[in-house]
Amino acid sequence: MIVLDEAVVLQTREYSETSQIVAFWTRGHGRVMGIAKGVRRGGRAAFDGPFETATRVELGFYPRPRGEGLCILSESSLLERFNGPRESREGWWAWSEAAEALLA
């Protein structure tokens, strides 16, 4: 069953030429780790494009019990880009530290 939730992108990793592994903090489900297959291919209507750190998105995913691997991300739409962390080195370090604390 697909779940829709608001989320903040904490971390992204390239997985293949077309996919990303993404860590989110969601409003209703806490920390979510998932794979977005084909997100970097472009032209796919289900995603607004590759995920970027420090953005807020509306996210659709198929949840898995914690510790049982990555969930499958099915759709997303960009809601907001946080520019503060991008404007200075100190802002980016603060964002990185907060993200690491949430991922621990």
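All values derive from a computational prediction rather than experimental measurement. (Residues numbered from 1 in each chain as written. Predicted model: local features only at pLDDT ≥ 70, side-chain atom pairs only at ≥ 80, totals over all residues. Heavy atoms only, no water.)

### So, the packing of aromatic side chains
Operational definition: Pairing of aromatic rings covers Phe, Tyr and Trp, the last counted by its six-membered ring, and requires centre-to-centre distances within 6.5 Å; plane angles under 30 degrees mean stacked, over 60 mean edge-to-face, and any other angle means tilted. The numbering of helices and of strands both runs from the N terminus, where a helix is a DSSP run of H or I of at least 4 residues and a strand a run of E of at least 2. Using a 1.4 Å probe on the protein chains alone, a residue whose accessible area is under 20% of its type maximum counts as buried, one over 50% counts as exposed, and one in between counts as partly exposed.
The full count for this structure, using the stated rule, is 3 aromatic pairs. Aromatic pair F24 and F51: ring centres 5.3 Å apart, planes at 80°, arrangement edge-to-face. Placement of F24 in strand β2 (residues 20-26) and of F51 in the loop between β3 (30-36) and β4 (55-62) is noted, with a sequence separation of 27 residues between them. Here the two residues F24 and F51 agree in accessibility, since each one is buried. Taken together, a centroid distance of 6.3 Å and an interplanar angle of 35° make the contact between F82 and W95 tilted. Of the two residues, F82 is situated in the loop between β5 (71-81) and α1 (84-87) and W95 in helix α2 (residues 89-103); the sequence distance between them amounts to 13 residues. Taken together through their ring pairs, the aromatic side chains of F24, F47 and F51 make up a single cluster.

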